[in-house]
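Chain by chain, the residues:
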Amino acid sequence: MGLDAVLNHPAVWRGSECARVAPGIPTGFAELDAHLPGGGWPTGAITEIYAERAGVGEVKLTVPAAARLTQEGRWVTVIAPPHVPYAPALAAHGVRLERLLLIQPGSAEDNLWASEQALRASCCGAVLLWQEHVHERALRRLQLAAESASTSLILFRSARVAPASPAALRLHVSRAEGRTVVRILKRRGGGLPPPIVLDLHGTPVSQARARRLAPPVRNRSPLHAALA
Amino acid sequence: MLWLALRVASLPLEVYTRAARTPHALAVVGSTGTRAEIIACNDAARRRGVKPGMAAAAASALASDLQIAPRDTAAEHAALERIAAWAIQFTPAVSLAGPSEVLLEVAGSLALFGGLKPLWNAIAEGLQTLGYAAVISCAPTPLAAQWFARAGLAVRLRHLDALHLSLSELPVDVMDLPMDACRLLQNVGANTVGDALALPRDGLARRLGQRFLDDLDRAEGSLPDPRTFFTPPTVFKASQALPAPAQEAEMLLFAARRMLVELCGYLAATASGAQRLSFSFAHHGREATRITLSLVAATRDPDHLTNVLRERLERTQLPCLTTAIALESELLLPLASRNLSLLPDAGQQEEAAAQLIERLRARLGDEAVLGLKRHADHRPECAWRTCQPGNNTDAAGASRLRQPESREAVASAAAASRPLWLLAQPRALGEVEDAPCYEGPLSLLAGPEPIESGWWDGHDVTRDYFVACNPAEAMLWIYRERGRAGKWFLHGFFG
């Protein structure tokens, strides 16, 4: 038996590679997918996103996955968001609004209950939950619910990182020099990659728009100009 | 022809006891003449020495905690009709017979249910879920099936030849004869149906009447025995008295679930689903509490309906003990039955989504579970609406703003530059030397994008929007009111 055959055996896992897990939901950012086991947001598991401050791009990070799920006809449930998600912006990012369920329960207890119900429903692809304090026991309960229907739960919390958690993936999101920096704090299979820098909000919006409206000038050589 | 007779022997008792998981000692009293006499009692009462036939006063003396309920023949008849309506899911030919029997003609249903035994088991299990203990007998003629059921024999006879032999063994009591006819047969030594068949027919006809002979012939199948079939009512109505007043949600749910199973059998029989149900919990000396379940989609799944009711009951404060529960279907819609499939399909997913939404709404309220849609308006705060989840006709956003393609591209490019979060109310920003501040001075990254609209409805908007960034690098969407004051406001976060 050659060395390659041994290394390709499914029971052999090398520390340098990501664990082999069920394929995830692609995040839409190739740089990030490359470092995530399963190539995206883990399904049947909890993802925790710690944002350094609200508005550093933590929500934008999840929008492409939400767009992909809703276009496949699955539901995305948004529970207790800090503000109302702005429908035109979501639609512009490709989210099918008729597959979006917005739930605003009154209490923390109801938030967890609603999350569990949504996770257990086979129609949901992902549940996005905003809740600061979740007891570890409640988290384990949610983990079981997510496993039962292969749904993914994305939990948004603020920067105070809890010491331990049953989440399969934990990310820390911050901003530096106009870019979003994603640090993987925990992932299945271990091994922590260096921080990933993403350009979420693009270059300033006016430039982006200006580029889109004006005809492309890059290819115009003097010869082209003379012919035109 | 193959007939099943369902005989609910202790119907007078079970119209009460089926509403409680562990009923107390209960006896049902019927009045024969001037004497109030116990006609049925449950096991708990029997253990205390109460027996059918006892005077009510004697029974109360034996067991001080015995509950005595009057016989309610109207409720019994209604219960039997509901059993008949429930049974239509097994065969369209259902007929009511006697005070406690339902007849089902099942020859045509055997192939669908995979034979007599699976069908029999399905009916027996179903009756148990409804809370009735029934004897089920099967025979080629309806009258014979009834007789076997009255004798308490759960036989499965499928051929007339076997029927003749087995009928002879039955006691004559099963024929439901008048007193004097019974006595006469006993006096001549005819104790079984077989004995009666062996007697000379002309003498029997003279002494007992032609009806007696006709019954024997019908049971044997030599005379036709047409039955009138039961038609289910167009609305489902049921009411159930509780044997003991209850307030706990679990106890009420137990009774309500049995009614919901009945309802779902009725719905399956009529190929419909319920979209609106109304429960009414009667209290002693107070107005009844009504709970209306409005569902997103019509359903006939008893588990789902029970779950929705459970959430509602847990949220509802009942003022005092409940004595009876009534259920009425207010809105029934046609609902086709679904083929069983190996893999989940789109229809199942829709159904799962509808059930999820109902469960959430039952506990959190309608206003807490919403969908979002776009709205054709240039003012950012008017460009979206809440709506029913899933019920999104986004046409307004797309068609009314349908414009030449270049302009549409501009519109979608503009929408892409909108923030993911919009504040419900724009927040006024502090200003330092005419520059807006939000946790530090803001630098403008993009803009201005003028938005000027709404002069016709009084919510006039003339604003210049900018994308801004504060020292902590939070991306904000701010605007400046055009005009003399020119104040700055925060309107959204890019998240």
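Nothing here was measured: the structure is a model prediction, and the numbers come from that model. (Residues numbered from 1 in each chain as written. Chains lettered and ligands numbered in written order. Predicted model: local features only at pLDDT ≥ 70, side-chain atom pairs only at ≥ 80, totals over all residues. Heavy atoms only, no water.)

### Here's the deal with the pairing of strand S5 (residues 94-97) of chain B
Each regular strand displays side chains that alternate between the two surfaces of the sheet. Residue and element names in this part refer to chain B. What counts here: Note: two strands are recorded as paired if DSSP finds a minimum of 2 bridges between them. Secondary structure elements follow DSSP: runs of H or I no shorter than four residues count as helices, runs of E no shorter than two count as strands, and numbering proceeds from the N terminus.
Bridge count between S5 and strand S6 (residues 101-105): four bridges; the pairing is antiparallel. Paired with Ala 97 across the bridge in S6 is Glu 101. Here S5 folds back onto S6, and the loop between the two strands holds three residues, one of which, Gly 98, carries a positive phi near 65°.

### Examining the confidence of the model for chain B
All names here are of chain B. To keep things clear, this is the line we draw: Per-residue confidence from the prediction method is given by pLDDT, with values spanning 0 to 100.
Looking at chain B, pLDDT values average 83 and 92% of them are 70 or higher. Looking over chain B, one finds the lowest element-wise mean pLDDT in helix H16 (residues 395-399), namely 44, and the highest in S6, namely 93. For this predicted complex, the interface score ipTM comes out at 0.74, alongside a pTM of 0.63.

### A word on the confidence of the model for chain A
Any residue range with low pLDDT should be treated as having predicted coordinates unsuitable for detailed reading. Looking at chain A as a whole, the pLDDT averages 78, with 82% of positions reaching at least 70. Within chain A, no element has a lower average pLDDT than helix H7 (residues 205-213) of chain A, which sits at 37, and none a higher one than strand S2 (residues 75-79) of chain A, at 91.

### Things to note about the pattern of salt bridges
The criterion, for reference: By definition, a salt bridge exists where a carboxyl oxygen of Asp or Glu is found within 4 Å of a side-chain nitrogen of Lys or Arg. Exposure classes here rest on a 1.4 Å probe applied to the protein chains alone. A residue is buried below 20% of its type maximum, exposed above 50%, and partly exposed in between.
In the structure shown here, the tally under the stated rule is 24 salt bridges over all chains. Taking the shortest distance from any N to any O, the salt bridge between B:Arg290 and B:Glu330 comes out at 3.5 Å. Of this pair, B:Arg290 sits in strand S10 (residues 286-299) while B:Glu330 sits in strand S11 (residues 322-334), and the two are 40 residues apart along the sequence. Its relative accessible area of 53% is what places B:Arg290 among the exposed residues. Through salt bridges with shared partners, one network takes in A:Glu48, A:Arg157 and A:Arg170.

### Quick look at the environment of B:Tyr132
Residues and elements named next belong to chain B. To keep it simple, the criterion reads: Whether two residues are in contact is decided by their heavy atoms: any pair within 4.5 Å suffices. Pairs of N or O atoms within 3.5 Å make up the polar contacts considered here, provided that, within protein, one atom can donate a hydrogen while the other can accept it, and that residues adjacent in sequence are counted only when both atoms are side-chain atoms.
Following the sequence through the fold, Tyr 132 ends up in the loop between helix H6 (116-130) and strand S7 (135-139). When the C-alpha atoms of Tyr 132 and Ser 10 are compared, they prove to be 8.3 Å apart, with 122 residues separating the residues in sequence. Setting aside residues up to four positions removed in sequence, Tyr 132 forms contacts with Val 8, Leu 11, Glu 14, Arg 18, Ala 79, Arg 82, Ile 83, Leu 127 and Glu 262. At 3.5 Å, the side chain of Tyr 132 forms a polar contact with the side chain of Arg 18.

### Focus: the packing of aromatic side chains
Residue and element names in this part refer to chain B. The following threshold applies: Note on ring pairs: Phe, Tyr and Trp rings are taken, using the six-membered ring of Trp, and paired if centres are within 6.5 Å. Classes follow the plane angle, with under 30 degrees stacked, over 60 edge-to-face and the rest tilted.
For the structure shown, the criterion picks out 12 aromatic pairs over all chains. Ring centres of Trp 3 and Phe 229 lie 6.5 Å apart, and the angle between their planes is 20°; this geometry places the pair in the stacked category. Note that Trp 3 is positioned in strand S1 (residues 3-7) and Phe 229 in the loop between helix H12 (210-220) and strand S8 (237-246), a separation of 226 residues in sequence. On the basis of relative accessible area, Trp 3 is assigned to the buried category, the value being 3%. Measuring from ring centre to ring centre gives 5.3 Å for Trp 86 and Phe 90, while their planes differ by 70°; the resulting arrangement is edge-to-face.

### Regarding unusual backbone geometry
Residues and elements named next belong to chain B. Although it is not a glycine, Asp 176 sits at a positive phi angle of roughly 55°. You can see Asp 176 is positioned in the loop between helix H8 (160-168) and helix H9 (179-187). The exposed category is assigned to Asp 176, whose relative accessible area is 55%. The backbone of Ala 271 sits at a positive phi, close to 55°, despite the residue not being glycine. Residue position: Ala 271 is located in the loop between helix H13 (249-269) and strand S9 (272-283).

### Things to note about the interface of chain B and chain A
Heads up, the condition is: By buried area we mean the combined loss of accessible area, with a 1.4 Å probe, across both parts when two parts are placed together.
Contacts between chain B and chain A engage 48 residues on the former and 55 residues on the latter. Note on chain B versus chain A: buried area summed over both sides is about 4,500 Å², and carbon and sulfur give 67% of it. Between chain B and chain A we count one salt bridge in total. One salt bridge in this structure joins B:Arg363 and A:Asp110, with 2.7 Å as the shortest N-O distance.

### Some words on H12(B)
All names here are of chain B. Those residues of H12 that fall on the buried side of the exposure criterion are Phe 212, Leu 213, Asp 214, Asp 215, Leu 216, Asp 217 and Ala 219. Summarising the contacts, the buried residues of H12 are in contact with helix H7 (142-150), H8, H9, helix H10 (193-198) and helix H11 (201-208). A positive phi of about 95° marks Gly 221, the residue just after H12.

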